Amino acid sequence: MTQVLVVLDASVMNVALPSARAQLGLSEVGTSWVALAYTVGFAGALLAGARLADAFGAERVLAWSVVVFTMASVGGGLAPDGSVLIAARAVQGVCAAAASPATFTLLTVTFPEGPSRIRAVAIWTGASLAGGGAGNVLSGLLTEYVSWRAVLLINLPIGIAIAVGAFALNRKRGTTPRGCVDLLGAVLVTGVFTAAAVAVSSLEPGGDPRTAVIAGTVALVLLLALLGQQRSARVPLVPWRLWRNRAVVAGNGATLLAGACFQVAIWYFLTFTLQRDHSYSAAVTGIAFLPLTVTMLAVSAWGAPRLLRRFSVRAVAASGALVAAAGFAAQAAALGSGDLAVLLAPSLLIGIGGGLLNTPLATAVTSGVERADAGAASGLMNTSKQFGGAIGLAALTVLPAAGGYHAAFIAMSVLITAAGSASLLISGRTRGPASR
């Protein structure tokens, strides 16, 4: 339930963005930052959030992060202007950064490597995809028939239900606090991600090039400071031994590139294509995303685990990337059609490819990881995914001014092909349970 909620809120504002932009008077950059604030906060705080689970217990972190997440959702739903909405979205993202790795940590310490973990990871991945799809559908229906504000306020009853269950879980099996969290490292990571996103989004035509240069310089300085700080940190955000795990490194590289396409960008560009370019309503737009979501969910939860019993992780992931790349290229070609069926047919290919790609990568990045590093590994995976989504959206929103949304989808085809190439670097010995 928690994973559905945090992923749902990454996408729930997508279809609502045109309405929120009109009511709050947001600029093009301001509109993109309503989505970016969540993903930047999510990505920037994920490594620290994952360490919170290791240090204070995943059950406890899960409970309290959901409480604050819900409060931020209410603040965003009642926001009087764009700055408050963006700030609330950033707080949501930071809380999601604590909650999401806690869910994955609970999963990895509960299920040992092998068939049971493969199935559990597939269900967790399916929950993530279901959250993304549900977010688009809810966003469309609530925006059309209630208000764009309702897409955030609906988190109140959902959050209360999850918090009650999380506190009950903590009382039943909560662990004793046993460590600390590198807060300075967390601040530096968040600063790097935020400055990088500002730099890339400032490259938009009409943007201030000085802002891009200043933000880029700040990002570089903070990155160098982070690398130095992590070498001397008593408990680094990512243990250095994880960087020696080939499957973890290659899997996270592929995850970052895939996140640039799947995390936010595809929903963002399809939303504006349908509503602004073809005048479809918010409700129709939300429902139109169902085939993509259901296809990706079915392939990820049922198809990919079965293939992983016979083939290596890198073979399944690379095949999925190629299918998705073909889908993105076909999507670029179909943008000119006013027929909804023709316009969205390529999304089925994208859904199949994404489903084949996501589960193998989630399996690879936890392969051979010790129990004590489970939180760090899950945090690194989610960081790669969310940072890819944030930087990907910031970069891809620059392209439409030059070549329209066609250019953005072609770029996504190239990025997902690169993700497939990165997945080939995963050790050939990293396979599904049948080979263990």
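Residues numbered from 1 in each chain as written. Predicted model: local features only at pLDDT ≥ 70, side-chain atom pairs only at ≥ 80, totals over all residues. Heavy atoms only, no water.

Q: Give a detailed account of the overall build of the chain, specifying residues and quantitative values.
A: The number of helices and strands found in the chain is 19 helices and zero strands. Taken over the C-alpha trace, the chain has a radius of gyration of 20 Å; the compact-globule value for 436 residues is 22 Å, and the two agree within 12%. C-alpha atoms of the chain, sized along the principal axes, occupy 55 × 45 × 45 Å. Here the analysis covers contacts within the chain between residues at least 6 apart in sequence; of these, 85% occur between residues at least 24 apart. Accessible surface, the chain: about 16100 Å² in total, of which carbon and sulfur atoms supply 69%. (Helix = DSSP H or I, 4+ residues; strand = E, 2+ residues; numbered from the N terminus. Rg over C-alpha atoms; globule rule 2.2 N^0.38 Å. Contact = heavy atoms within 4.5 Å. Areas by Shrake-Rupley, 256 points an atom, 1.4 Å probe, with all protein chains shown as cover.)

Q: Requested: an account of the nonpolar core, with residues and values cited.
A: Formed by 74 residues in total, the largest nonpolar core has its most connected members in Met13, Phe262, Phe269, Phe328, Phe409 and Ile416. In this structure Ile416 touches Ala258, Cys261, Phe262, Ala321, Ala324, Ala325, Phe328 and Leu357, once residues within four positions along its chain are discounted. Of all hydrophobic cores here, the second largest spans 23 residues; its members include Leu5, Tyr38, Phe69 and Ala102. (Core = buried A, V, L, I, M, F, W, Y, C linked by side-chain atoms within 4.5 Å. Buried < 20%, exposed > 50% of the residue type's maximum accessible area, 1.4 Å probe, protein only.)

Q: Help me get a handle on the layout of surface pockets, residues and values and all.
A: A volume near 530 Å³ is recorded for the largest pocket. In this structure, the largest pocket is lined by 20 residues; those nearest its centre are Leu47, Phe193, Leu226, Trp243 and Leu380. Grouping the constituent residues of the lining of the largest pocket by class yields 15 nonpolar, five polar and no charged. (1 Å grid on protein atoms, 1.4 Å probe; cavity = no way out; pocket = protein on both sides within 12 Å on 5 of 7 lines; lining within 4 Å. Points joined across faces, edges and corners; volume = space filled by probe spheres on them. Nonpolar A, V, L, I, M, F, W, Y, C, P; charged D, E, K, R; others polar.)

Q: Now, about the environment of Gln230: what can you tell me, with residues and values included?
A: For Gln230, the location among the structural elements is in helix 10 (residues 209–232). Judged by its relative accessible area of 8%, Gln230 is buried. Taking C-alpha positions, Gln230 is 31 Å from Ser32, a pair spaced 198 residues apart along the chain. Those residues in contact with Gln230 that lie beyond four places of it in its chain are Asp182, Gly185, Pro236, Leu237, Val238 and Trp240.

Q: Now, about the side chain of Lys385: what can you tell me, with residues and values included?
A: For Lys385, the location among the structural elements is in helix 18 (residues 374–396). No salt bridge forms around the buried Lys385; measuring N to O, its nearest opposite-charge neighbour Asp9 is 16 Å away. Residue contacts for Lys385: discarding those within four places in its chain leaves Trp124, Thr255, Gly259 and Gln263. (Lys, Arg positive; Asp, Glu negative; His and termini not counted. Salt bridge = Lys/Arg side-chain N within 4 Å of Asp/Glu carboxyl O.)

Q: Help me get a handle on helix 1 (residues 2–11), residues and values and all.
A: Burial within helix 1 is extensive, with nine of its ten residues counted as buried. The set of residues buried in helix 1 consists of Thr2, Gln3, Leu5, Val6, Val7, Leu8, Asp9, Ala10 and Ser11.

Q: Mind laying out the pattern of salt bridges, listing which residues take part and the relevant values?
A: The final tally for this structure, using the stated rule, is two salt bridges. With a shortest N-O distance of 4.0 Å, Asp9 and Arg89 are connected by a salt bridge. Of the two residues, Asp9 sits in helix 1 while Arg89 sits in helix 5 (residues 82–110), which places them 80 residues apart along the sequence. Note on accessibility: Asp9 and Arg89 belong to one class, buried. Linking Asp277 and Arg276 is a salt bridge whose minimum nitrogen-to-oxygen distance equals 3.8 Å.

Q: Report on unusual backbone geometry, specifying residues and quantitative values.
A: With a phi angle near 60 degrees, Ser279 is a residue other than glycine that sits in the positive phi range. Mapped onto the fold, Ser279 is located in the loop between helix 12 (265–277) and helix 13 (282–288).

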